[in-house]
Amino acid sequence: MTVQNSDKTPSRKQRLQEKQRRQLAVVDTVDKAEVKVRKAEAELAVAVAEAVQVFGDERAASEGLDMPVEAVRRFVGIAAHETAAAADGADG
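Summarised in this report is the structure supplied together with it.

Here is what the cut-offs are and how they apply
- Residues numbered from 1 in each chain as written.
- Predicted model: local features only at pLDDT ≥ 70, side-chain atom pairs only at ≥ 80, totals over all residues.
- Heavy atoms only, no water.
- Helix = DSSP H or I, 4+ residues; strand = E, 2+ residues; numbered from the N terminus.
- Polar contact = N/O pair within 3.5 Å; in protein donor to acceptor, adjacent residues only side chain to side chain.
- Expected span 1.5 Å × (residues − 1).
- Buried < 20%, exposed > 50% of the residue type's maximum accessible area, 1.4 Å probe, protein only.
- Axes fitted to C-alpha atoms, helices over the stretch in contact; angles between N-to-C directions.
- Parallel < 35°, antiparallel > 145°, perpendicular 65-115°, else oblique.
- Contact = heavy atoms within 4.5 Å.
- Nonpolar A, V, L, I, M, F, W, Y, C, P; charged D, E, K, R; others polar.
- Phe/Tyr/Trp six-rings, centres within 6.5 Å; stacked < 30°, edge-to-face > 60°.
- Lys NZ or Arg CZ within 6 Å of the ring centre and 35° of its normal.
- Salt bridge = Lys/Arg side-chain N within 4 Å of Asp/Glu carboxyl O.
- Core = buried A, V, L, I, M, F, W, Y, C linked by side-chain atoms within 4.5 Å.

What follows concerns the side chain of Ser62. By the element assignment, Ser62 lies in helix 2 (residues 58–65). There is a polar contact of 3.4 Å between the side chain of Ser62 and the backbone nitrogen of Val69.

The structure is reproduced here in structure tokens:
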């Protein structure tokens, strides 16, 4: 005995497939945004590291950029990591 659905409501399988499709689309969107954020953060880190050189030290850069010293240090660390990673990639 089978039940026929004459009002064309989606089956459980179809609803699940649609839900999974939407979830995968959202995950893909988030993944792409995270890549953009990492790239932007790396670019910002390089700019902050350059500002430290131009201003003379982290505290002066912090004041000049109106950015907490902790943030300046974090970005300088990211820039150093990016530079090291780039050097490692160039060696191989």
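In this structure, Asp66 takes a positive phi of about 55° despite not being glycine. Within the secondary structure, Asp66 is located in the loop between helix 2 and helix 3 (69–91).

With that settled, consider helix 1 (residues 12–55). Under the 1.5 Å per step criterion, the end-to-end length of helix 1 is 63 Å for 44 residues, consistent within 8% with the ideal 64 Å. Among the residues making up helix 1, those that are buried are Ala42, Ala45, Val48, Ala51 and Val52. Count one or two residues on from helix 1 and you reach Gly56, which has phi positive near 110°.

Let us now look at the packing of helix 1 against helix 2. The contact between helix 1 and helix 2 brings their axes to 8 Å, and the two run at 110°. With respect to each other, helix 1 and helix 2 are oriented roughly perpendicular. Across the interface between the two elements, Val48, Ala51, Val52 and Phe55 from helix 1 touch Glu58, Ala60, Ala61, Gly64 and Leu65 from helix 2. Taken together, the residues of the contact of helix 1 with helix 2 sort by class into 7 nonpolar, 1 polar and 1 charged.

Counted by the stated rule, this structure contains 0 aromatic pairs. Across from the ring centre of Phe75, 4.6 Å away, lies the NZ or CZ of Arg74, which sits over that ring.

This next bit is on the pattern of salt bridges. Under the definition given, this model contains 5 salt bridges. Residues Glu18 and Arg22 are paired through a salt bridge, measuring 3.9 Å at the closest nitrogen-oxygen approach. Pair noted here: Glu18 and Arg22 are both in helix 1, with a separation of 4 residues, about one helical turn. Two residues, Lys32 and Asp28, come together in a salt bridge whose shortest N-O distance is 3.3 Å. Taken as a pair, Lys32 and Asp28 lie in helix 1 at a separation of 4 residues, close to a single helical turn. Linked through salt bridges whose partners overlap, the residues forming this network are Glu18, Arg21 and Arg22.

Quick look at the nonpolar core now. One finds Ala45, Val48, Val52, Ala61, Met67, Ala71, Val72, Phe75, Ile78 and Ala79 forming the largest nonpolar core, which totals 10 residues. Only helix 1 and helix 3 provide two or more residues apiece to this core. Per element, the largest residue contribution to this core is 5 residues, and it comes from helix 3. Residues within four places of Ala45 in sequence aside, it is in contact with Phe75, Ile78 and Ala79.

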